[in-house]
Amino acid sequence: MIALDAIEAARERIAGTAVRTPLVRLNVDAPAEIWLKLENLQPIGSFKIRGAANAVRTADPAQLEAGLVTASAGNMAQGVAWMARELGVPATIVVPEHAPQTKLDAAERLGGRVMRVPYADWWRAIEESRAEGVEGVFIHPVEDERVMEGNGTVALEILEDLPDPDTVLVPFGGGGLVTGIASALSALRPETRVYAVEPETGAALNAALAAGAPTEIDYRPSFVDGSGSRSVLPGMWPRVREVIAGAFTASIEETAAAVRLLAERTRIVAEGAGGLAVAAALAGRAGEGRIVCVVSGGNIDASTLAPILVGETP
């Protein structure tokens, strides 16, 4: 569990870089009262700016001179590139072959150098916290405690705007976001249940919870590129299991429908992972009561969003 005082300190540290995002009501017929925490409105279109800023600002300045490195499907790439630009140092981003071009273009606009590699090589960089042949401070997108501390600041803002949520639904990619959020809620409002949500095409956490340990699954890439994986990282498994009440899945069709609904009802653009929590809430999987859905990001290719808006599933 991430300490509350560390999360509170992170909030002060990242102020001025990460913005305080709004919490708005989703007016829709649903089993629950649904609220949206709009992290897609961050400067990079994703919550990842929170963890990236906290990790970089607590690192040794001397080591940072060699530059920053991360492995990311796109959103942490932008967070690290943003911070590298702030410091005036190079940023190298290792990305999987299926990473969306919108996210890669954004990282390059910020000055990042993108290295596209096969999924297996990218996953190895995630597991080993390093990129072969690349110098610089590696900012792990998930396992770095400083990243999780930054992510936990989302929960502080939620409780300020809605002091008594029954449930918080968080998209699950590697577990850094849900661990940070659930740690803060556990300290401040333990009555609130926190559930992770994955696409059913990459539900590694759901499989691990069923088996009692991380297990490799048949991961299939989809437009929900910011969530889902072939296995829960061993280092994250005990952290996540300790702080969540459980996990749900959403189908690709349900997630596309949620992305479309957000655009139609709230004029909000969400990427696939950003629609997962809303999809689960609309399906009734989290039950009734006040449910906060974390809309984790809005970086979606126009070529992917367009068919969704006309009722198709990419």
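Summary of the structure given here. (Residues numbered from 1 in each chain as written. Predicted model: local features only at pLDDT ≥ 70, side-chain atom pairs only at ≥ 80, totals over all residues. Heavy atoms only, no water.)

Side note on the nonpolar core
For soluble globular proteins, the rule of thumb is that nonpolar side chains tend to be buried together.
Stage number 1. Ranked by internal contacts, the top residues of the largest apolar core, which has 51 residues, are Trp122, Val168, Val170, Val178, Ile181 and Leu205.
Stage number 2. The residues contacting Ile181, other than those within four sequence positions of it, are Asn151, Gly152, Val154, Ala155, Val168, Val170 and Val294.
Stage number 3. Counting 34 residues, the second largest nonpolar core, distinct from the first, contains Phe223, Val224, Ala250 and Ile291. (Core = buried A, V, L, I, M, F, W, Y, C linked by side-chain atoms within 4.5 Å. Buried < 20%, exposed > 50% of the residue type's maximum accessible area, 1.4 Å probe, protein only. Contact = heavy atoms within 4.5 Å.)

A look at the pattern of salt bridges
Stage number 1. In this structure the tally under the stated criterion is 15 salt bridges.
Stage number 2. For Asp161, the salt bridge goes to Arg20, with nearest N and O atoms at 3.1 Å. Remark: Arg20 occurs in the loop between helix H1 (4-14) and strand E1 (23-25) and Asp161 occurs in helix H7 (residues 145-161); sequence separation between them is 141 residues.
Stage number 3. A residue is classified by how much of its surface remains accessible, and Arg20, at 40% relative accessible area, is partly exposed.
Stage number 4. In this structure, the salt-bridge partner of Glu128 is Arg130, at a minimum N-O distance of 3.3 Å.
Stage number 5. Counted as one network, the salt bridges with shared partners bring together Arg11, Arg20, Glu160 and Asp161. (Salt bridge = Lys/Arg side-chain N within 4 Å of Asp/Glu carboxyl O. Helix = DSSP H or I, 4+ residues; strand = E, 2+ residues; numbered from the N terminus.)

Here we look at unusual backbone geometry
Stage number 1. Positioned with a positive phi, Ser129 is a non-glycine residue whose angle comes to about 55°.
Stage number 2. With respect to the helices and strands, the residue Ser129 is situated in the loop between helix H6 (119-128) and strand E6 (137-138).
Stage number 3. Residues other than glycine seldom take positive phi values, yet Arg267 does so here, at roughly 60°.
Stage number 4. Structurally, Arg267 is set in the loop between helix H11 (252-266) and helix H12 (272-282).
Stage number 5. Exposure remark for Arg267: the relative accessible area of 65% places this residue in the exposed category.

Here's the deal with the side chain of Thr201
Stage number 1. When you line up the elements, Thr201 lands in the loop between strand E8 (193-199) and helix H9 (204-211).
Stage number 2. Residue classification places Thr201 among the buried positions, given a relative accessible area of 9%.

What about H1?
Stage number 1. All of the buried residues in H1 are Ala6, Ile7, Ala10 and Ile14. Projected down its long axis, H1 carries its buried residues within an arc of 100°, all on one side. Exposed and oriented more than 90 degrees from the buried face of H1 are Asp5 and Glu12.
Stage number 2. Structurally, H1 contributes buried residues whose contacts are with helix H2 (48-57), H7 and helix H8 (176-188).
Stage number 3. The first or second residue beyond H1 is Gly16, which carries a positive phi of 95°. (Arc of directions from axis to C-beta.)

Some points on the side chain of Glu271
Stage number 1. You can see Glu271 is positioned in the loop between H11 and H12.
Stage number 2. According to the relative accessible area criterion, Glu271 is buried, its value standing at 1%.
Stage number 3. In this structure the side chain of Glu271 is engaged in a polar contact, spanning 3.3 Å, whose partner is the backbone nitrogen of Gly298.
Stage number 4. If we ignore the near neighbours within four places in the chain, the residues touching Glu271 are Gly45, Asn75, Lys103, Asp225, Val259, Gly297, Gly298, Asn299 and Ile300. (Polar contact = N/O pair within 3.5 Å; in protein donor to acceptor, adjacent residues only side chain to side chain.)

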